[in-house]
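The residues making up each chain are set out below.
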Amino acid sequence: MAPMGIRLSPLGVAVFCLLGLGVIYHLYSGVIASRLAALRQGKTVDLRELLALSVEAAVLGGREVKRIREENALEEKAKGKTKEGAKEMLTIGDLRSHIKMYHLIKNTFPYIKVNSEEHDHAMAVEHNVWNHVIPNEILEKIKEPKEVMADSITVWIDPLDATQEYIEDLREYVTTMVCVAVDGVPIIGVIHKPFSSFTAWAMVSGGSNVKPRKSYNEKSPEIIVSRSHAGKVTSFAQKAFGNHTKIHPAAGAGYKVLSLLDIPDENHEKADVYIHVTYIKKWDICAGNALLKALGGHMTTLKGEEIDYSGSERNDAGLLASININHKLLVEKLPDLQEST
């Protein structure tokens, strides 16, 4: 209480308090900010955990994809158009898979950036969290922790690759995929086939549960291409490898990458090279890129440039993928895309 005869001005008291707060903020804000920055910068993640989580997410999403297809409850609709003007389809299978995959990853590592093909603004949020148990299959091949900074990580998920074929009930083409990129470089790739329960996974400089085939035809490679652009790619490939080049039209970037590998599925097509000549998004290709990279293969633009998996989801420069073939020579054989189409 103020002494008798002295009145304190409310305005003066307010100004004094604000000045005091300003001094405190000036003295301590830098300390607080630096500590928060240190906490953010100090967050690290073991890539083995991210690999195990990626496998779990792909399988979890795949269960939703399979369930909804078998219940014939797709509720398909067009969500837009591709760059070429074709309808881009969406189903409940895409959305339910997205919800399971996206929230499992974000609930487990909320400070990691996750890019998904789908969005769920109007749908329920999942509260599932991964249990942090790394399967023995992974621990046997990657024995030591591999820590990376959390802010260097970008996760790309494709909750349902080959939606049009999913609608057409061409189940063999459908996959769910997760990719982990570190500083834009694909390091972990997971491709899951929901209708055969097969999951391919790999970590660069770590290990994998798949491997290349024993041989590839480098001189007259069989080419796998998109069903929707088969004619366009056929003329492009034949200029590079001759008129008798065998072309395999197929759907789904995940399916096409697996066609280059030795996988336990006798019905899966086999090819030597994967070519895509139009715009494609990074959640379609990142997982396959990581798989091939881990096994000594390559996925580049048609000009042989590495694809950066940070920033925009767009890849406008086409795609060339191979393994155990001279990739540089393949690039040199390719004609100029503008002159060929």
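Everything in this summary refers to the structure shown in the same document. What you see is a predicted model, and the numbers here were worked out from it, not measured in a lab.

## Points about the packing of aromatic side chains
Okay, step 1: Enumeration over the complete set of coordinates arrives at 3 aromatic pairs.
Okay, step 2: Taking the centre distance of 6.1 Å and the plane angle of 50° together, the rings of Trp-156 and Trp-283 count as tilted. Within this pair, whereas Trp-156 is found in strand β6 (residues 153–161), its partner Trp-283 is found in helix α8 (residues 282–294), the two being separated by 127 residues in sequence.
Okay, step 3: For Trp-156, a relative accessible area of 1% translates into the label buried.
Okay, step 4: Ring centres of Tyr-173 and Tyr-255 lie 4.8 Å apart, and the angle between their planes is 75°; on these two criteria the pair is classed as edge-to-face. With a gap of 82 residues between them, Tyr-173 in the loop between α5 (163–167) and β7 (175–182) and Tyr-255 in helix α7 (residues 253–258) connect regions that are remote in the sequence. Per residue, the accessibility class of Tyr-173 equals that of Tyr-255, and both read buried.

## Concerning the environment of Glu-269
Okay, step 1: If you trace the backbone, Glu-269 turns up in the loop between β14 (261–262) and β15 (273–276).
Okay, step 2: Taking the C-alpha atoms as reference, Glu-269 lies 8.8 Å from Ile-224; in sequence the two are 45 residues apart.

## Overview of the pattern of salt bridges
Okay, step 1: Considering all chains together, one arrives at 11 salt bridges under this definition.
Okay, step 2: Salt-bridge contacts for Glu-64 lead to Arg-67; the nearest nitrogen and oxygen are separated by 2.9 Å. Remark: Arg-67 and Glu-64 occur in helix α2 (residues 47–70); sequence separation between them is 3 residues, near one turn of the helix.
Okay, step 3: Residue Glu-64 is classed as buried on the basis of its relative accessible area of 10%.
Okay, step 4: What you see here is one network of salt bridges that share partners, running through Glu-64, Arg-67, Glu-71 and Arg-96.

## Some words on the state of the cysteines
What we call a disulfide is simply a covalent bond connecting the sulfur atoms of a pair of cysteines.
Okay, step 1: One pass over the full model with this rule turns up 1 disulfide.
Okay, step 2: The disulfide partner of Cys-179 is Cys-286, and the gap between their sulfur atoms is 2.0 Å. Its torsion about the S-S bond being -40°, the disulfide of Cys-179 and Cys-286 is classed as left-handed. With Cys-179 in strand β7 and Cys-286 in helix α8, this pair connects stretches of sequence that are 107 residues apart. The pair Cys-179 / Cys-286 is uniform in exposure class, with both members buried.

Criteria and cut-off values
Residues numbered from 1 in each chain as written. Predicted model: local features only at pLDDT ≥ 70, side-chain atom pairs only at ≥ 80, totals over all residues. Heavy atoms only, no water. Phe/Tyr/Trp six-rings, centres within 6.5 Å; stacked < 30°, edge-to-face > 60°. Helix = DSSP H or I, 4+ residues; strand = E, 2+ residues; numbered from the N terminus. Buried < 20%, exposed > 50% of the residue type's maximum accessible area, 1.4 Å probe, protein only. Salt bridge = Lys/Arg side-chain N within 4 Å of Asp/Glu carboxyl O. Disulfide = S-S within 2.5 Å.

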